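Single-letter residue listing:
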Amino acid sequence: MDRTRDVAVIVGSLRKDSINRKVANALAGVAPAALKLSIVEIGHLPIYNQDGDDAPPAAWTSFRERIRSADAVLFVTPEHNRSVPAALKNAIDIGSRPYGKSAWNAKPGAVVSASPGSIGGFGANHHLRQSLVFLNVPAMQQPEAYLGGADKLFDAEGRLADESCRNLEGFMQAFAAWIEANGKS
Ligand code: FNR
């Protein structure tokens, strides 16, 4: 890897104490040095409406530009009613338009889902992958990351247990290799 890769991290929760935001920060902490992770906020984005495409809100435009400039995208999301949270779907839709100018196109991607529940946001993880197929985001298949019981992963200081740390580290190493194999050189 001859240069640092800029990884845009999208957190699917808007909650202040979000478990998924903690997971995203933990992933940044264990990522190989060649990856620079930064969270791209989505909570302020106006709801997507195709009528806005002629004169898009500034927040849509800057979000699209930020995604377009990234080398890769990493989604870290909870599950809402067995699917993708509305705020995340809104961000995906905004990035995908105007038609033919999707900011997501060909960005290598990866998906992590986390939930206090035992199936670790599997439904959201896979509904998200369905959109990524259409958006031509090559999404890493293995290793998968469904973090169940995720409310118990962090101690009072917000630190991860060693075993979880190792798992996330392995995930990020695989993602770094995925970006090299599937991204722009
Ligand atoms: C949830 N939650 C939830 N959990 C789950 O495992 N499967 C689900 O389908 C749902 N559905 C759901 C819907 C809505 C509207 C809310 C608000 C919550 C619980 C969810 O996993 C929990 O609130 C997590 O803490 C959310 O992640 P963050 O916000 O902590 O990152």
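Okay, so let's go over this structure.

### Considering the site of the ligand
The immediate surroundings of the ligand are formed by Ser13, Arg15, Ser18, Ile19, Asn20, Pro78, Glu79, His80, Asn81, Arg82, Ser115 and Pro116. Side-chain polar atom of serine 13 to an oxygen atom of the ligand: 2.7 Å apart, as the coordinates give it. Here an oxygen atom of the ligand and a side-chain polar atom of asparagine 20 are 2.8 Å apart. Alone, the ligand offers 620 Å² of accessible surface; in the complex the protein occludes 68% of this.

### Considering the packing of aromatic side chains
For the coordinates displayed, the defined rule picks out four aromatic pairs. On the numbers, 5.6 Å between centres and 45° between planes, the contact of phenylalanine 75 with tryptophan 104 is tilted. Within this pair, whereas phenylalanine 75 is found in strand β3 (residues 72-77), its partner tryptophan 104 is found in the loop between α3 (86-95) and β4 (109-114), the two being separated by 29 residues in sequence. In terms of burial, phenylalanine 75 and tryptophan 104 fall into one category: buried. With 5.3 Å between their ring centres and 50° between their planes, phenylalanine 122 and tyrosine 146 make a pair best called tilted. Placement of the pair is phenylalanine 122 in helix α4 (residues 122-134) and tyrosine 146 in strand β5 (residues 146-147), with a sequence separation of 24 residues. For tyrosine 146, a relative accessible area of 26% translates into the label partly exposed. Feature note: the residues Phe63, Phe75 and Trp104 constitute an aromatic cluster, connected by ring pairs.

### A few points about the pairing of strand β2 (residues 35-39)
Two elements, strand β1 (residues 5-11) and β2, share five bridges in a ladder whose sense is parallel. Each bridged residue has a counterpart across the sheet, and for valine 9 the counterpart in β2 is isoleucine 39. Since β1 and β2 lie parallel, the crossover through helix α1 (residues 19-30) that links them has a hand, and here it is right-handed.

### Focus on the sheet that holds β4
In any sheet, the strands associate via hydrogen bonds between backbone groups, in a parallel or an antiparallel arrangement. The five strands lie next to each other as β2-β1-β3-β4-β5, forming an open sheet whose pairing is parallel. The open sheet has two edge strands, β2 and β5, and neither has a second partner. Of the strand pairs in this sheet, β4 and β5 are connected by two bridges, and their pairing is parallel. Directly across from alanine 114, in β5, lies its bridge partner leucine 147.

### Focus: the nonpolar core
Counting 32 residues, the largest nonpolar core has Leu27, Leu74, Met172 and Phe175 as the members making the most contacts within it. Of all the elements in the fold, those that place two or more residues in this core are β1, α1, β2, β3, β4 and α5 (162-182). With seven residues, the top contributor of residues to this core is α5. Leaving out residues up to four positions away in the same chain, leucine 27 has contacts with Leu37, Leu74, Val76, Val112, Leu168, Phe171 and Met172.

### A few points about the packing of α1 against α5
At a minimum axis distance of 9 Å, the contact between α1 and α5 shows a crossing angle of 70°. Taken together, the axis directions place α1 and α5 in an arrangement best described as roughly perpendicular. The chirality of how α1 crosses α5 is right-handed. The segment α1 lies against α5, with Ala26, Leu27 and Val30 engaging Cys165, Leu168, Glu169, Phe171 and Met172. Among the residues making up the contact of α1 with α5, the classes are represented as seven nonpolar, no polar and one charged.

### Some points on the environment of phenylalanine 175
Topologically, phenylalanine 175 is positioned in helix α5. For the pair phenylalanine 175 and leucine 35, spaced 140 residues apart in the sequence, the C-alpha separation amounts to 9.4 Å. Excluding residues that lie within four positions of it along the chain, phenylalanine 175 makes contacts with Val7, Ala72, Val73, Leu74, Pro108, Gly109, Ala110 and Met140.

### Some points on unusual backbone geometry
The step from arginine 97 to proline 98 runs through a cis peptide bond, and the omega angle for that step is 0°. With respect to the element layout, proline 98 can be found in the loop between α3 and β4. In the segment running from glutamine 142 into proline 143, the intervening peptide bond is cis, with an omega of 0°. By secondary structure assignment, the location of proline 143 is in the loop between α4 and β5. In this structure, asparagine 81 takes a positive phi of about 50° despite not being glycine.

Criteria and thresholds
Residues numbered from 1 in each chain as written. Predicted model: local features only at pLDDT ≥ 70, side-chain atom pairs only at ≥ 80, totals over all residues. Heavy atoms only, no water. Near = heavy atom within 4 Å. Polar contact = N/O pair within 3.5 Å; in protein donor to acceptor, adjacent residues only side chain to side chain. Areas by Shrake-Rupley, 256 points an atom, 1.4 Å probe, with all protein chains shown as cover. Phe/Tyr/Trp six-rings, centres within 6.5 Å; stacked < 30°, edge-to-face > 60°. Helix = DSSP H or I, 4+ residues; strand = E, 2+ residues; numbered from the N terminus. Buried < 20%, exposed > 50% of the residue type's maximum accessible area, 1.4 Å probe, protein only. Pairing = 2+ DSSP bridges. Right-handed = clockwise from strand over helix to strand, strands pointing away. Core = buried A, V, L, I, M, F, W, Y, C linked by side-chain atoms within 4.5 Å. Contact = heavy atoms within 4.5 Å. Axes fitted to C-alpha atoms, helices over the stretch in contact; angles between N-to-C directions. Parallel < 35°, antiparallel > 145°, perpendicular 65-115°, else oblique. Left-handed = near helix turned anticlockwise from the far one by under 90°. Nonpolar A, V, L, I, M, F, W, Y, C, P; charged D, E, K, R; others polar.

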